[in-house]
Amino acid sequence: YTGICLELRADHTYLYSSETDLHTDSSSGKWQLNKDTILLNSSIQKNDLPISIEEVISKNSETLIFIPILKNLSKDLVKDASIYVNEDTAKYCMPAFENDCKFVKRSVSKIRVVLSNNISSKWYSLNDSNCDTLKITVNTKKYLDNYIFMKNLKFVISPKGITPLEFINLSNQKMKYKRQN
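What counts and how
Residues numbered from 1 in each chain as written. Predicted model: local features only at pLDDT ≥ 70, side-chain atom pairs only at ≥ 80, totals over all residues. Heavy atoms only, no water. Helix = DSSP H or I, 4+ residues; strand = E, 2+ residues; numbered from the N terminus. Buried < 20%, exposed > 50% of the residue type's maximum accessible area, 1.4 Å probe, protein only. Contact = heavy atoms within 4.5 Å. Areas by Shrake-Rupley, 256 points an atom, 1.4 Å probe, with all protein chains shown as cover. Pairing = 2+ DSSP bridges. Phe/Tyr/Trp six-rings, centres within 6.5 Å; stacked < 30°, edge-to-face > 60°. Axes fitted to C-alpha atoms, helices over the stretch in contact; angles between N-to-C directions. Salt bridge = Lys/Arg side-chain N within 4 Å of Asp/Glu carboxyl O.

**Q** Tell me about the overall build of the protein chain, and please be specific about residues and values.
**A** Along the backbone of the protein chain there are zero helices and 18 strands. Within the span of the protein chain, comprising 181 residues, buried residues form 34% of the whole. For the protein chain, restricting intrachain contacts to residue pairs at least 6 apart in sequence, the fraction spanning at least 24 positions comes to 57%. In the form shown here, the protein chain has an accessible surface area of approximately 11300 Å², with 49% of it arising from carbon and sulfur atoms.

Below you can see the structure in the form of structure tokens.
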């Protein structure tokens, strides 16, 4: 069984799912109509993972900043996260490995979160480099391993229905749709 479902809602939000016997991908976001073409933009973009950071300062005299394992809004652990620091793609840690994510205090001014499927946040500046702990939350309840990121993905409306002009492949890359005659 293979199927695609696109639900366009009156408030200009959409739900999209693509299913096979073994796999389901999904997306949600905003849609807009431009003549006979529907444009879809997902609420989460591949290079703009929504996160929040709590900078915790304790009364003890720790000399290290600790970054515990991340959680999402459902309080589920985000085990596949890497934390990059100071805009240096070679300097990172993985909070899932308990003792891996420690840095000398005042040595971290910016962080970025990258998940295993290359979804990333923007670079975030810390307010207080003197903090002891950085608690990072991924601000979504969605399971992102099978999330389809859409940026101006096009579908055309015709008397035969809605036809994709492009599709997203398994690597989340936009591809041209080849029509079958």
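**Q** Before we move on, can you summarise the sheet that holds strand 13 (residues 124-125) with the specific residues and values?
**A** Within the open sheet, the four strands sit side by side as 10-9-12-13. Their pairing is antiparallel. Because the sheet does not close on itself, it has two edges, and the strands there are strand 10 (88-93) and strand 13. Pairing between strand 12 (residues 110-114) and strand 13: two bridges, direction antiparallel. Paired with Lys 110 across the bridge in strand 13 is Ser 125.

**Q** An account of the packing of aromatic side chains is requested, with residue identities and associated values reported.
**A** Going through the model one piece at a time under the given rule, you end up with three aromatic pairs. For the pair Tyr 147 and Phe 149, a centre-to-centre distance of 5.2 Å together with 70° between the ring planes defines the contact as edge-to-face. The two residues Tyr 147 and Phe 149 agree in class, both being buried.

**Q** Describe the sheet that holds strand 16 (residues 161-164), listing the residues and the values that go with them.
**A** Strand-to-strand pairing in sheets goes through backbone hydrogen bonds, with the strands running parallel or antiparallel. If you walk across this open sheet you meet the six strands as 1-2-3-4-15-16, and the pairing is antiparallel. A strand with exactly one partner marks an edge of an open sheet, and here the two such strands are strand 1 (3-8) and strand 16. Recorded for the sheet is a direction-independent mean angle of 30° between the axes of neighbouring strands. Sheet topology note: the strand 3 (residues 24-34)/strand 4 (residues 37-42) ladder contains six bridges and is antiparallel. When the bridges of strand 4 are listed, Gln 32 appears paired with Leu 39.

**Q** Explain the pattern of salt bridges residue by residue, including any values.
**A** For the coordinates displayed, the defined rule picks out four salt bridges. For the salt bridge of Lys 122 with Asp 48, the shortest nitrogen-to-oxygen distance reads 3.8 Å. One end of the pair, Lys 122, is in the loop between strand 12 and strand 13; the other, Asp 48, is in the loop between strand 4 and strand 5 (51-56), with 74 residues separating them in the sequence. Residue class for Lys 122 comes out partly exposed when judged on its relative accessible area of 46%. Of the charged contacts, one joins Lys 110 and Glu 87 as a salt bridge, the two residues approaching to 3.0 Å between their closest N and O atoms. Here Lys 110 is found in strand 12, whereas its partner Glu 87 is found in the loop between strand 9 (82-85) and strand 10, with 23 residues between them in sequence. Here Glu 87 falls in the partly exposed class, since its relative accessible area comes to 48%.

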